[in-house]
Amino acid sequence: MSTLSYHEKIAVLDLGVDENRFTPAFLETVNAHLDAVLAEGADALVTTGSGKFYSNGLDLDWLVANGERTQWYIGQVQALFARVLTLPIPTAAALPGHAFGAGAMLALAHDYRVMRGDRGYFCLPEVDIRIPFTPGMAALIQSKLTPKAAVASMTTGRRFSGVDARALDIVDATAGEGTVTTEALALLAPLGAKDPGTLGAIKNTMFGPVVTKLTETGS
């Protein structure tokens, strides 16, 4: 179960202790937490996980059982990506372990990423599980990664360790066991409070074409 706490005025959203897959209930809960973060006037946001996963992404079992709702479900997932991408406060994803598929994309939607250096993988496995990226997902990934890193991650299904991910600038920093969230907080703390209206407008300008693709019907 996800929980929301605060380190001074920086909100820390713990996605949970299990695989943190994107069930409809999970998506609803995360959005409710984001509502609270903004309503409570947080200066910044860190998301993380409590166990060996940051997130394993899409709930494929739910998708198989609810195939007629696939379009709706993908729309909900991509709406979350768009929301985090343009959140009007600084954001950082603290990866204590695995971030796979849509879980990795959620991390990329943040402004910064910190990953444990000695455990866990960042992976976009779509090429190996025969699920092509939607235009919105591809736009999100390519807006955050260099062309070299995008090719290396999108076309190979490679599992990147924290050290390898840092070498390609997929993540901004690595940290040891138990210090990933602390490092993410340290990245955000010097930024101080930003005017949400101004920062939100800047992010919407920066990522406008990506948001359009993420929120288009059929993307």
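Computed from a predicted structure; not experimentally measured.

Definitions and cut-offs
Numbers given for residues are sequential positions, taken from 1 along each chain in its written order. This being a predicted model, a pLDDT of at least 70 is required before a residue's local features are given, and a value of 80 or more before pairs of side-chain atoms are given or counted; all residues contribute to the totals for chains, interfaces and linings. Processing note: side-chain calculations cover all non-hydrogen atoms of the structure and skip hydrogens and water entirely. Angular values range over 0 to 180 degrees, each being the angle between N-to-C directions of two axes fitted as lines to C-alpha atoms, with helices fitted over their stretch in contact. Think of it this way: any DSSP run of H or I at least four residues long counts as a helix, any run of E at least two long counts as a strand, and we number them from the N terminus. Angle categories are assigned with fixed cut-offs, so that under 35 degrees is roughly parallel, over 145 is roughly antiparallel, 65 to 115 is roughly perpendicular, and the rest are oblique. Here is the rule for handedness: rotate from the far helix to the near one, and if that takes an anticlockwise turn smaller than a right angle the crossing is left-handed, while a clockwise turn gives right-handed. It only takes one pair of heavy atoms within 4.5 Å for two residues to be counted as in contact. Residue classes follow a fixed rule: Ala, Val, Leu, Ile, Met, Phe, Trp, Tyr, Cys and Pro count as nonpolar, while Asp, Glu, Lys and Arg count as charged, and any other residue, Gly among them, counts as polar. Stacked, tilted and edge-to-face are the three classes applied to pairs of Phe, Tyr and Trp rings, where Trp contributes its six-membered ring and a pair requires centres within 6.5 Å; stacked means planes under 30 degrees apart, edge-to-face means over 60, and tilted covers the rest. Exposure categories follow from relative accessible area, calculated using a 1.4 Å probe and restricted to protein chains: below 20% of the type maximum is buried, above 50% is exposed, and the middle band is partly exposed. In this scheme, Lys NZ or Arg CZ marks a charge over a ring once it lies within 6 Å of the ring centre and within 35 degrees of the ring normal. One requirement defines pairing of two strands: DSSP has to find at least two bridges between them. Think of it like this: strands point away, you trace from the first strand over the helix to the second, and a clockwise trace means the crossover is right-handed.

Colleague: Describe in detail the packing of helix α3 (residues 70-85) against helix α11 (residues 208-215), supporting the description with residues and values.
Modeller: For the pair α3 and α11, interaxial distance at closest approach is 8 Å and the crossing angle is 160°. The angle between α3 and α11 places the two elements in the roughly antiparallel class. Of the two elements, α3 crosses α11, and the hand of that crossing is left-handed. Of α11, the residues touching α3 (which contributes Gln 78, Phe 81, Ala 82 and Leu 85) are Val 210, Val 211, Lys 213, Leu 214 and Thr 215. Partitioning the contact of α3 with α11 into residue classes produces six nonpolar, two polar and one charged.

Colleague: I'd like to hear about the packing of aromatic side chains, residue by residue, with values.
Modeller: Considering all chains together, one arrives at four aromatic pairs under this definition. Ring centres of Trp 62 and Trp 72 lie 6.2 Å apart, and the angle between their planes is 45°; on these two criteria the pair is classed as tilted. Here Trp 62 is found in helix α2 (residues 60-65), whereas its partner Trp 72 is found in helix α3, with ten residues between them in sequence. Taking the relative accessible area as the measure of exposure, Trp 62 reaches 15% and is therefore buried. For Trp 72, a relative accessible area of 36% puts it in the partly exposed group. In textbook terms, an aromatic cluster arises when at least three aromatic residues are bridged by ring pairs, as seen for Phe 22, Phe 26 and Phe 81. Its guanidinium or amino end placed over the ring of Trp 72, Arg 69 lies 4.3 Å from that ring's centre, counting from NZ or CZ.

Colleague: Go over the pairing of strand β3 (residues 44-48), please, and point to the residues and values.
Modeller: On a regular strand, one side chain projects to one face of the sheet and the next to the other, so that they alternate. Taking burial as the measure, the five residues of β3 include five buried ones, the bulk of the element. Covered by surrounding structure in β3 are Ala 44, Val 46 and Thr 48 together with Leu 45 and Thr 47, the residues of both alternating faces. With five bridges connecting them, strand β2 (residues 10-14) and β3 associate as parallel partners. For Val 12, the partnering residue across the bridge sits in β3 and is Val 46. Tracing the backbone out of β2, into helix α1 (residues 24-39) and back to the parallel element β3 gives a crossover that is right-handed. Note: β3 against strand β5 (residues 91-95), three bridges, orientation parallel. Along β5, the bridge assignment pairs Leu 45 with Thr 91.

Colleague: Explain the pairing of β5 to me, and be specific about the residues and the numbers.
Modeller: Burial runs high along β5: five of the five residues are buried. Of the two faces of β5, both are covered, the one formed by Thr 91, Ala 93 and Leu 95 as well as the one formed by Ala 92 and Ala 94. Judged from the four bridges that link them, β5 and strand β7 (residues 112-116) form a sheet pairing that is parallel. Counted as the bridge partner of Leu 95 is Met 115 from β7.

Colleague: Run through the packing of helix α6 (residues 135-144) against α11, naming residues and quoting values.
Modeller: It is at 7 Å that the axes of α6 and α11 come closest, and there the two elements cross at 155°. Taken as axis vectors, α6 and α11 run roughly antiparallel relative to one another. The handedness of the crossing between α6 and α11 is left-handed. Where α6 approaches α11, its residues Pro 135, Gly 136, Met 137, Ala 139, Leu 140 and Ser 143 are matched on the opposing element by Val 210, Lys 213 and Leu 214. Looking at the contact of α6 with α11 residue by residue, the classes come out as six nonpolar, two polar and one charged.

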